[in-house]
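For reference, the chains in residue letters:
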Amino acid sequence: MKVSRTIEAVRLDLAPHPSGSIGLVPTMGALHDGHLSLLRAARAECDTVVMSLFVNPAQFSQASDLARYPRDEERDLAVAADAGVDLVFAPSAEEMYPPGFQTWVEVTELGSILEGVLRPGHFRGVATVVLKLFGIVRPDRAYFGQKDAQQVEVIRRMIQDLALEVELRVLPTVRDADGLALSSRNALLSREERQRALALPRALSTRDPEAARKVLAESNGLEVDYVLIADFDPPVLAAAVRVGSTRLIDNVVLEGEME
Ligand code: AMP
């Protein structure tokens, strides 16, 4: 497995593969089984698998959130190698946002509801970095998790609106045995907070906003940002809660075949 840190190096690495398909799995690292499911799908479906490993500062609204985001590059590279990744693109922030950078992608409506209300600029950062990764890697397929349902919706809209030639592949949410959706942010929870966080999947499993709100209201010390049905493709019951200083999002698919 190769690790490249510059755009130029990635272009050189991928130049010898003009005929085979390329799969891109964008990640921010702190890899878990949710990421692994995307990597495995990419490995099964593509000739060359590229994983990006970049904690994208542009999608964090708060410096403190960016600073405490879990990072363990050494372990991530070992996990990626094990999953059969061919190339990891792990750029610096300066490589992706050099001095003078001023071009942003805004998915106006989808990017400003739900998470977009509470995290202004978040989806602008996501869409911009994903489009830039598409331009660098030129994937045939890009892999995302249903765990971040709104992110999927924003990227699907961007691909359609900008007529990008990439197939969006969405994989189901991977959960721990106790129901908690895997997330790099789970590492920030204390044992006691993690126990309290279980009210989130429990609430969503009702598949009913009213019932879910009741479960969350009765649970100890969870701050609820929102619980509502989002008319995505497929529709989901989505929720965001804060447990101590950690914010968790999750959703369940209400129809279709994802879950
Ligand atoms: P992140 O590193 O958190 O930016 O996530 C990278 C990709 O992994 C995104 O497409 C996420 O939606 C996906 N992902 C994160 N957690 C999960 C999960 N529990 N199940 C499935 N996919 C996930």
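Our subject in this report is the structure included herewith. Please read these numbers as outputs of a predicted model, since none were measured by experiment.

## A few points about the packing of helix H7 (residues 122-137) against helix H8 (residues 149-161)
- At a minimum axis separation of 10 Å, H7 and H8 run at an interaxial angle of 55°. Between H7 and H8, the angle is such that the two are oblique. Along this stretch, H7 crosses H8, giving a crossing that reads as right-handed. Residue-level contacts link Phe 123, Val 126, Ala 127, Val 130, Leu 131 and Phe 134 of H7 to Gln 150, Gln 151, Val 154, Ile 155, Met 158 and Ile 159 of H8.
- For the contact of H7 with H8, the residue count by class is 10 nonpolar, two polar and no charged.

## Some words on the site of the ligand
- If you check the shell around the ligand, you find 17 residues, and the closest are Met 28, His 35, Asp 148, Val 174 and Leu 182.
- Here Met 28 contributes a backbone N or O atom positioned 2.8 Å from an oxygen atom of the ligand.
- In this structure, Asp 148 approaches the ligand through a side-chain N or O atom, which is 2.6 Å from an oxygen atom.
- For the ligand, whose unbound accessible area comes to 480 Å², protein coverage reaches 92%.
- Elements with a minimum of two residues in the shell around the ligand: strand S2 (22-27), helix H2 (33-45) and strand S5 (141-145).
- Looking at the shell around the ligand, the element that brings in the most residues is H2, giving three residues.
- Each residue belonging to the shell around the ligand can be placed in one class, and the counts come to eight nonpolar, seven polar and two charged.

## Brief notes about the sheet that holds strand S6 (residues 167-171)
- In spatial order, the strands read S1-S4-S3-S2-S5-S6; together these six strands make up an open sheet with parallel pairing. Two strands lie at the open edges of the sheet, namely strand S1 (2-4) and S6, each paired on one side alone. When the angles between neighbouring strand axes are averaged without regard to direction, this sheet yields 25°.
- Pairing of S2 with S5, which is carried by two bridges, proceeds in the parallel orientation. Within the sheet, the bridge partner assigned to Leu 24 lies in S5 and is Ala 142.
- Strands in contact with helix H4 (residues 73-82) are S1, strand S3 (48-53) and strand S4 (87-89); relative to S3, the strand with the most contacts, it is inclined by about 165°.

What counts, and where the lines are drawn
Position labels on residues start from 1 in each chain and follow its written sequence. Local features in this predicted model are restricted to residues of pLDDT 70 or higher, and side-chain atom pairs are both shown and tallied only at a pLDDT of 80 or more, whereas totals for entire chains, interfaces and linings draw on every residue. Only heavy atoms go into the side-chain values, all of them from the structure, while hydrogens and water stay out. Lines fitted to C-alpha atoms define the axes, with helix axes restricted to the stretch in contact, and inter-axis angles between N-to-C directions lie between 0 and 180 degrees. The way it works is that DSSP assigns letters per residue, a run of H or I at least four long becomes a helix, a run of E at least two long becomes a strand, and they are numbered from the N terminus. Should an angle fall under 35 degrees it is called roughly parallel, over 145 degrees roughly antiparallel, and 65 to 115 degrees roughly perpendicular, with every other angle called oblique. With the far helix as reference, a near helix turned anticlockwise by less than a right angle produces a left-handed crossing, and one turned clockwise produces a right-handed crossing. Here, two residues are considered to be in contact whenever any of their heavy atoms come within 4.5 Å of each other. Polar here means any residue other than Ala, Val, Leu, Ile, Met, Phe, Trp, Tyr, Cys and Pro, which are nonpolar, and Asp, Glu, Lys and Arg, which are charged; Gly is therefore polar. Proximity is defined per residue: any heavy atom of the residue falling within 4 Å of a molecule or strand makes that residue near it. By the criterion applied in these results, polar contacts are pairs of N or O atoms within 3.5 Å in which, for protein atoms, one can donate a hydrogen and the other can accept it, and in which residues neighboring in sequence qualify only through two side-chain atoms. Only the protein chains shown count as cover for residues, with accessible areas throughout obtained via the Shrake-Rupley method and a probe of 1.4 Å. Here, strands pair whenever DSSP counts at least two bridges between them.

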